Amino acid sequence: MKITKDLYQSNLVLLTDFYQLTMAYAYWKAGKGEQEAVFNLFFRKHPFQGGFSLAAGLDYVIDYCKNFRFSGTDLDYLAQMKNQDGSPVFEVGFLDYLKNLKFSCDIDAVEEGTVVFPNAPLIRVRGPLIQCQLLETPLLNIINFQTLIATKAARINVAANGAPVLEFGLRRAQGIDGALAASRAAYIGGCTSTSNVMAGKLFGIPVSGTHAHSWIMSFDTELEAFEAYAEAFPEKCVFLVDTYDTIQGIKNAIKVGEILREKGKEMVGIRIDSGDLAYFSIQARQMLDEAGFPEAKIVASNDLDEQIITSLKTQEAAIDVWGVGTKLVTAYDQPALGAVYKLSAIKDEKGKWVPKVKVSQQSLKINIPGLHNVKRYYSKDKAVADMIYLEEEEINPRGVVIIDPIDPTRRKRLMPAFYSEEVLLKPIFKEGKLIYSIPSLEKIRERAAQQLESLDKTHKRLVNPHLYPVGLEENLHHLRMELVLKSQNFENEKNEQE
Ligand SMILES: Nc1ncnc2c1ncn2[C@@H]1O[C@H](COP(=O)(O)OP(=O)(O)OP(=O)(O)O)[C@@H](O)[C@H]1O
Ligand SMILES: O=P(O)(O)OC[C@H]1O[C@H](OP(=O)(O)OP(=O)(O)O)[C@H](O)[C@@H]1O
Ligand SMILES: O=C(O)c1cccnc1
């Protein structure tokens, strides 16, 4: 996968915030550039007030890391940057350091298509401080967007309840790469196809579509337009029936359907793109059935999202296929996932790992320290809880306590021996070398479907979902509390002395 390269014809190493580079420079000056550190990428709250999220974007991350090197032109650009007094921002020695920089981090990550929950890492980066730091912004950029859209798509597909969802978002998406990444993520989240032909070519997503009002309007009558379309696509006729009068449009579609049938072909169906979609789809179903077209599909579109689809279902709308664009690819009701990337441990001069917490007034914002991973426990293929644990700690098979990171009174006890388990962070890069065999997009989509299946339906409820248990293993909880208290005592002592 090399979409990033194809799109920009250049190396993306500068696709980072300027402060990452100035920090990198300052680390280098302080002799800390190579100090080993661990960072975790996680989000704190599901988007769309939902009960689950679907991880996506790792393939782009892999691509980014594989191409992580400073080219001559990147270095030239940095070399000409000046401070206000006219001096260069970056010393030549630092630019030389960047020139020789080879990606050497360990990356462990949740596979794409995995259902994920707040606070548990989606990606863990371990390596020299400078490299970890430079990766913050691009990793967030990639994962935030694709995870958001995959989640939105999954919600829309939950609402569609198995009916095909065609992604029509390109014209309203956030630019070119936003559209491409959205089509990819939407496919992972369960959409059946995309209207974006480039996404079809680049990712192998099935491409599909109907026709627009302009096609109808270019003829004198709707009937002529349908006939001409049937002539061009006898196997693929989906007639857009709402350009003038929807009921008349359905009648015209039936007429052309009959002509096609005489030629041994079957119309695929009709599309309704305006008005009361419940009313018109029910009318259309009745008319099509009575005319002998019970197999003709009814496609609906027009600013759909999971809430409208749910509402239309409760109105018993006779819609077989959903075309969804704007609200899917722009994540209309929540345009960003707030994933963050935080330092959780650093090695001291003696080579000992020092776990780190950033103490915040809001307990929600206190990060999880140390080199941790996540285990998902399953009971008969159903996910029951996620446990974040310190990798070096032995897990007692006879009993673990999983403690909510925000409210430590919320706890779940379970006996690991009674469950099957999956370690969620999988090794992707080891010392800069890719050791993960990248699954095809089809496989990722299958994983997403299985993962969503493993989640109880109460967590997939679109409104007020039941909270899935995710927490810290006891030892990790104690370590975190200890570090928080220590830092607070330290602050108090300092305050008393002042
Ligand atoms: N029966 C229904 N129940 C709930 N929502 C519906 C129903 N029928 C249509 N909708 C939704 O209501 C909104 C209607 O928007 P709007 O009024 O802009 O469309 P319209 O006037 O029918 O068509 P146009 O796009 O041509 O303006 C759309 O989001 C559509 O999906
Ligand atoms: O509504 P979305 O979920 O974004 O789906 C894509 C929309 O794009 C097309 O029309 P367009 O909006 O360009 O024009 P129209 O509203 O006049 O049909 C199509 O007919 C859908 O309505
Ligand atoms: O093929 C379609 O019907 C389509 C494509 C893009 C946007 N709206 C509809």
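Every chain begins its residue count from 1, and numbering advances along the sequence as written. Labels are handed out in written order, letters beginning with A for the chains and numbers beginning with 1 for the ligands. Reporting in this predicted model follows two pLDDT cut-offs: at least 70 for local features of residues, and 80 or more for side-chain atom pairs to be given and counted; totals over whole chains, interfaces and linings ignore these cut-offs and use all residues. Side-chain measures here rest on the full set of heavy atoms in the structure, leaving out hydrogens and waters.

**Comments concerning the overall build of the protein chain**
The way it works is that DSSP assigns letters per residue, a run of H or I at least four long becomes a helix, a run of E at least two long becomes a strand, and they are numbered from the N terminus. Helix and strand counts for the protein chain come out as 17 helices and 21 strands. Overall, the protein chain is about 90 × 60 × 45 Å in size when its C-alpha atoms are taken along their principal axes. The buried share among the 498 residues of the protein chain stands at 53%. Contacts: residue pairs with any heavy atoms within 4.5 Å of one another. Contacts in the protein chain between residues far apart in sequence, at least 24 positions, make up 72% of those at least 6 positions apart. In this description, accessible areas are obtained by the Shrake-Rupley approach with a 1.4 Å probe, and a residue is regarded as covered only by the protein chains that are shown. Summed over all atoms, the accessible surface of the protein chain reaches about 23300 Å², with 52% contributed by carbon and sulfur. Type-normalised accessible area, obtained with a 1.4 Å probe on protein chains alone, sets the label of each residue: buried when under 20%, exposed when over 50%, and partly exposed for intermediate values.

**Regarding the site of ligand 3**
Here, proximity means that at least one heavy atom of the residue falls within 4 Å of the molecule or strand. Neighbouring ligand 3 are F168, R171, S195, G209, T210 and R271. The contact in question runs from an oxygen atom of ligand 3 to an N or O atom on the side chain of T210, over 2.5 Å. Within the side chain of R271, an N or O atom sits 3.4 Å from an oxygen atom of ligand 3. Starting from 260 Å² of accessible surface for ligand 3 in isolation, the protein chains cover 80%. Under this definition, polar contacts are N or O atom pairs within 3.5 Å; protein pairs additionally need one hydrogen-donor-capable and one acceptor-capable atom, and for neighbouring residues in sequence, both atoms have to be side-chain atoms.

**Quick look at the site of ligand 2**
Taken together, the neighbourhood of ligand 2 is formed by F168, R171, R172, H213, R271, D273, N302, D303, L304, V324, G325 and T326. Between ligand 2 and the protein, one listed contact pairs an oxygen atom with a side-chain N or O atom of R171 at 2.8 Å.

**Describing unusual backbone geometry**
Of note, the phi angle at N302 is positive, near 125°, even though the residue is not glycine. Its place among the elements puts N302 in the loop between β10 (297-301) and α13 (306-314). Residue N302 is classed as partly exposed on the basis of its relative accessible area, which comes to 36%. The backbone of K380 shows a phi angle near 45°, a positive value even though the residue is not glycine. Take K380: it is sitting in the loop between β14 (372-379) and β15 (382-390).

**Re the packing of helix α4 (residues 72-79) against helix α5 (residues 92-99)**
Orientation of α4 relative to α5, taken along the N-to-C sense of each, is 160°, at an axis distance of 11 Å. Taken together, the axes of α4 and α5 are roughly antiparallel relative to one another. Judged by the sense of rotation from one axis to the other, the crossing of α4 with α5 is right-handed. Residues L75, L78 and A79 of α4 form the contact with α5, whose participating residues are L95, L98 and K99. When the residues that make up the contact of α4 with α5 are grouped by side-chain class, the tally is five nonpolar, no polar and one charged. To obtain each axis, a line is fitted to C-alpha atoms, and for helices this fit is confined to the stretch in contact; angles are then taken between N-to-C directions over 0 to 180 degrees. These descriptions rest on fixed angle ranges, namely under 35 degrees for roughly parallel, over 145 for roughly antiparallel, 65 to 115 for roughly perpendicular, and the rest for oblique. When the near helix sits turned anticlockwise from the far one by under a right angle, the crossing is termed left-handed; a clockwise turn instead gives a right-handed crossing. Gly is put with the polar residues, along with every residue not named as nonpolar or charged; the nonpolar set is Ala, Val, Leu, Ile, Met, Phe, Trp, Tyr, Cys and Pro, and the charged set is Asp, Glu, Lys and Arg.

**Looking at the packing of aromatic side chains**
Only rings of Phe, Tyr and Trp enter the pairing, Trp through its six-membered ring, and a pair is recorded when the two centres are within 6.5 Å. The plane angle decides the type: under 30 degrees is stacked, over 60 is edge-to-face, the rest tilted. Going through the model one piece at a time under the given rule, you end up with 19 aromatic pairs. Between F226 and F239, the aromatic rings sit 4.7 Å apart at their centres with planes inclined by 35°, giving tilted as the arrangement. Here F239 lies in strand β8 (residues 238-240) and F226 lies in helix α10 (residues 222-232), a separation of 13 residues in the sequence. In this structure F226 comes out as buried when scored by relative accessible area, which is 0%. By definition, being over a ring means that NZ of Lys or CZ of Arg is both within 6 Å of the ring centre and within 35 degrees of the ring normal. The ring of Y389 has K375 lying over it, and the distance from NZ or CZ to the ring centre is 5.1 Å.

**A word on helix α12 (residues 277-290)**
If you check α12, its first and last C-alpha atoms are 20 Å apart, about what 14 residues at 1.5 Å a residue would give, namely 20 Å. Within α12 the residues assigned to the buried category are L277, A278, F280, S281, A284, R285, M287 and L288. On the buried face of α12, the contacting elements are α11 (246-262), β9 (269-272), β10 and α13. N-cap assignment for α12: the residue whose side-chain oxygen lies 3.0 Å from the backbone N of A278 is D276. In the stretch just after α12, G292 is the one whose phi turns positive, near 85°. Expected helix span is computed as 1.5 Å times (number of residues minus one).

**Quick word on the UniProt feature "domain: Nicotinate phosphoribosyltransferase C-terminal" (unreviewed entry) in the protein chain**
UniProt positions are given in the numbering used here, feature names are shortened, and annotations may be inferred rather than shown by experiment. Within the UniProt annotation, "domain: Nicotinate phosphoribosyltransferase C-terminal" (unreviewed entry) is assigned to residues 373-479. With 21% helix and 36% strand, residues 373-479 has end C-alpha atoms that lie 15 Å from one another.

**Some details on the sheet that holds β8**
Pairing is parallel across the open sheet formed by six strands, whose spatial order is β7-β6-β11-β10-β9-β8. The open sheet has two edge strands with one neighbour each: β7 (193-194) and β8. Note: two strands are recorded as paired if DSSP finds a minimum of 2 bridges between them. Inspection of the sheet shows β9 paired to β10 by four bridges, in the parallel sense. Bridging from a neighbouring strand, I272 pairs with A300 of β10.

**Description of helix α15 (residues 441-453)**
Each full turn of the α-helix corresponds to 3.6 residues, which orients residues three or four apart in the same direction. For α15, spanning 13 residues, the distance from its first C-alpha to its last is 18 Å, which sits close to the expected 18 Å at 1.5 Å a residue. Turning to α15, its buried residues number three or more, namely L441, I444, R447, A448, Q451 and L452. Along α15, the residues classed as buried sweep out an arc of 130° about the axis, all on the same side. Turned more than 90 degrees from where α15 packs its buried face, Q450 and E453 sit exposed. In this description, one arc is meant: the one made by directions from the helix axis to the C-beta atoms.

**Details of the sheet that holds β15**
Each strand in a sheet pairs with another by means of backbone hydrogen bonds, the pair being arranged parallel or else antiparallel. What the six strands build is an open sheet, ordered β17-β16-β21-β15-β14-β18; its pairing is mixed. Of all the strands in the sheet, just β17 (411-414) and β18 (420-423) have a single pairing partner and so form its edges. This sheet shows a mean twist of 35° between the axes of neighbouring strands, independent of strand direction. Of the strand pairs in this sheet, β15 and strand β21 (residues 470-473) are connected by three bridges, and their pairing is parallel. Note that in β21 the partner of I388 across the bridge is L472.

**Looking at the environment of V197**
Mapping V197 onto the fold places it in helix α8 (residues 197-203). V197 sits in the exposed class, given a relative accessible area of 58%. Between the C-alpha atoms of V197 and V207, which are 10 residues apart in sequence, the distance is 6.3 Å.

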